[in-house]
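Here's the letter readout for the chains.
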Amino acid sequence: MRRKLSSNYGFRSNGVSVLIRLSAWLFSFGLVVATGAVAVALLVACGLGAFAQVSWLNFCRSPAALAAEEAQAAILQSNAQLIREIAALEAELATQQCTAVYPPPEIPTFDLPPPQPEIDERAWNDRDIAVLEGCWALDSNYRIRNNQTGIVTEFNEWTMCFTQDGGGREEMRSSDGAVTCAGPVTGSFNAGGGLVVAEPGNLQCSDDTFIYRRNLTCNLDGQGAANCVVVQPEVDTRDEVRLQRATGGP
């Protein structure tokens, strides 16, 4: 009986000891595993180990991520500074009073023709034929009618140039420039003091036509020009033109 009790007590004592040891071993093993798991997680989160792609462990940022965040922060700070500067400039501009300044208007310039040479009235009245020397130009339009076709040609250029002795040459040009006529002329004063310009014959033209011979009798008009009556004896026509001193000739 005593041996049985001793045997049961010894069995129970051994079982409790084993249970305590097992529990302590399991606790130690669990602590080691937990510590290792934490270490592995820290290493993985910083880019070490095979589990670096596990997002929930990634709490250590890489240098590239840190650099990107710093660059972004710098850009945001620069933008904020620019916004402040723009606001300051706009506030300053709002206080400015601006007045428009326009350049003076340009005054157009025109190339004016040279003044016409004056007619020596004293020499004219003295019937000095040297007064003709130089050139004279038509100061009005002149029309010629073709007796065969009835076509009227208008001339806006008629120039006569003389030497001191009254000899000279004339040239005419139609308004459209298609017809020119040229030939000799002579000048003299008549008994009444009028200047007579005579053509020796019909005036030939570039379109194979001619103008019947003409005589011009001119008198000063008091305004620096000469009014002339144009007569064609062969066809009995009469016309009027105005001549003035010119700077050139044919």
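A few points on the structure. Bear in mind that the values here come from a model prediction, so they are computed numbers and not experimental data. (Residues numbered from 1 in each chain as written. Predicted model: local features only at pLDDT ≥ 70, side-chain atom pairs only at ≥ 80, totals over all residues. Heavy atoms only, no water.)

## Overview of the nonpolar core
Across soluble globular proteins, nonpolar side chains show a tendency to be buried alongside one another. Ranked by internal contacts, the top residues of the largest apolar core, which has 30 residues, are W124 and L216. Here this core gets four residues from one element, more than from any other, and that element is strand β3 (residues 152-162). Residue contacts for W124: discarding those within four places in its chain leaves I119, V131, W136, F189, G193, L195, C218, N219, L220 and A226. (Core = buried A, V, L, I, M, F, W, Y, C linked by side-chain atoms within 4.5 Å. Buried < 20%, exposed > 50% of the residue type's maximum accessible area, 1.4 Å probe, protein only. Helix = DSSP H or I, 4+ residues; strand = E, 2+ residues; numbered from the N terminus. Contact = heavy atoms within 4.5 Å.)

## Side note on the state of the cysteines
Taken as a whole and judged by the stated rule, the model has three disulfides. The disulfide partner of C135 is C161, and the gap between their sulfur atoms is 1.9 Å. On the sign convention where negative is left-handed, the bridge of C135 and C161, at about 105° about the S-S bond, is right-handed. Taken together, the residues span a long stretch of sequence, with C135 in strand β1 (residues 134-138) and C161 in strand β3 at a distance of 26 residues. (Disulfide = S-S within 2.5 Å.)

## Some words on the pairing of strand β6 (residues 195-198)
The two faces of β6 differ: L195 and V197 on one face are buried, but V196 and A198 on the other face are not. The pairing of strand β5 (residues 180-189) with β6 spans four bridges and is antiparallel. Each bridged residue has a counterpart across the sheet, and for F189 the counterpart in β6 is L195. Between β5 and β6, which pair antiparallel one after the other, the connecting turn spans five residues, and G193 there sits at a positive phi close to 90°. (Pairing = 2+ DSSP bridges.)

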